[in-house]
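Residue-level structural notes
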Amino acid sequence: MIAVTRITAKSSTRNLRQKLQLNNYFSSKVPDEPTWVPIDKEKLPKVPELDEATVNHLERLSLVKFNNQAGVERLYKAIEYANQLHMVDTEGVEPLDSVLENRSVYLREDKVTDGNCLKDILQNASLVVEDYFVAPPGNIPLKPVDKKSSK
């Protein structure tokens, strides 16, 4: 019984030592504790008043209807939320080249390695117009598919 305990203690010490070595080798730039501070809402830019033309333009760009009071209120809240980006301190932050911290990522040449399969690909679409997939606008649900008949 004692020998088993010693082996377990030795192996757990070895595992702990290996984990510590790995943590030092693969050290992350992410802090152990959160470093965020609450945002002072008084310092945020004011949400601009949106006229009907601007709302219509946003509807066309986003394919989402804001044609009722609840939709416009949701739009204002989204703008207010996005305004928090103005408070992010980016002083001294280098542009991100890669999400891989310790590796160089090489770009490959953009060469076509396969082709002439347009018809095969478009067979996956439920609706096609001029060789393009057609999707419904953002707030219109797709027709439900009967899973039994698709098998």
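The protein goes by Glutamyl-tRNA(Gln) amidotransferase subunit C, mitochondrial in an unreviewed UniProt entry, where it is assigned to Potamilus streckersoni. UniProt annotates the protein under Function (unreviewed entry) with the comment "Allows the formation of correctly charged Gln-tRNA(Gln) through the transamidation of misacylated Glu-tRNA(Gln) in the mitochondria. The reaction takes place in the presence of glutamine and ATP through an activated gamma-phospho-Glu-tRNA(Gln)." Under the UniProt heading Subunit (unreviewed entry), the entry covering the protein gives this text: "Subunit of the heterotrimeric GatCAB amidotransferase (AdT) complex, composed of A, B and C subunits."

Next up on the list: the confidence of the model for the protein. The predicted coordinates ought not to be read in detail in places where the model reports low pLDDT. With 70% of its residues at a pLDDT of at least 70, the protein reaches an overall mean of 76. The model gives residues 1–9 a pLDDT under 50, and that stretch makes zero contacts with residues more than four places away or in other chains.

This part is about the layout of surface pockets. Estimates place the volume of the second largest pocket at around 180 Å³. As for the second largest pocket, its lining consists of Lys 41, Glu 42, Leu 44, Pro 45, Lys 46, Val 47, Glu 80 and Asn 83. Looking at the lining of the second largest pocket, its residues break down into three nonpolar, one polar and four charged.

Attention shifts here to a nonpolar patch on the surface. On the surface, a nonpolar cluster with roughly 420 Å² of combined accessible area is contributed by Leu 96, Val 99, Leu 100 and Val 105. You can call Leu 96 exposed: its relative accessible area is 66%.

Let us look at the side chain of Glu 59. Inspection of the secondary structure puts Glu 59 in helix 2 (residues 52–62). One buried charge, Glu 59, has no salt-bridge partner; the nearest side chain with opposite charge is Lys 65, at 4.5 Å. Not counting chain neighbours up to four residues away, the residues in contact with Glu 59 comprise Val 64, Lys 65, Phe 66 and Asn 67.

Rules of the game
- Residues numbered from 1 in each chain as written.
- Predicted model: local features only at pLDDT ≥ 70, side-chain atom pairs only at ≥ 80, totals over all residues.
- Heavy atoms only, no water.
- UniProt positions renumbered as here; feature names shortened; annotations may be inferred.
- pLDDT = per-residue confidence, 0-100.
- Contact = heavy atoms within 4.5 Å.
- 1 Å grid on protein atoms, 1.4 Å probe; cavity = no way out; pocket = protein on both sides within 12 Å on 5 of 7 lines; lining within 4 Å.
- Points joined across faces, edges and corners; volume = space filled by probe spheres on them.
- Nonpolar A, V, L, I, M, F, W, Y, C, P; charged D, E, K, R; others polar.
- Patch = residues over 30% accessible without salt bridge, like charges linked within 9 Å, V, L, I, M, F, W, Y side chains within 5 Å.
- Areas by Shrake-Rupley, 256 points an atom, 1.4 Å probe, with all protein chains shown as cover.
- Salt bridge = Lys/Arg side-chain N within 4 Å of Asp/Glu carboxyl O.
- Buried < 20%, exposed > 50% of the residue type's maximum accessible area, 1.4 Å probe, protein only.
- Helix = DSSP H or I, 4+ residues; strand = E, 2+ residues; numbered from the N terminus.
- Lys, Arg positive; Asp, Glu negative; His and termini not counted.

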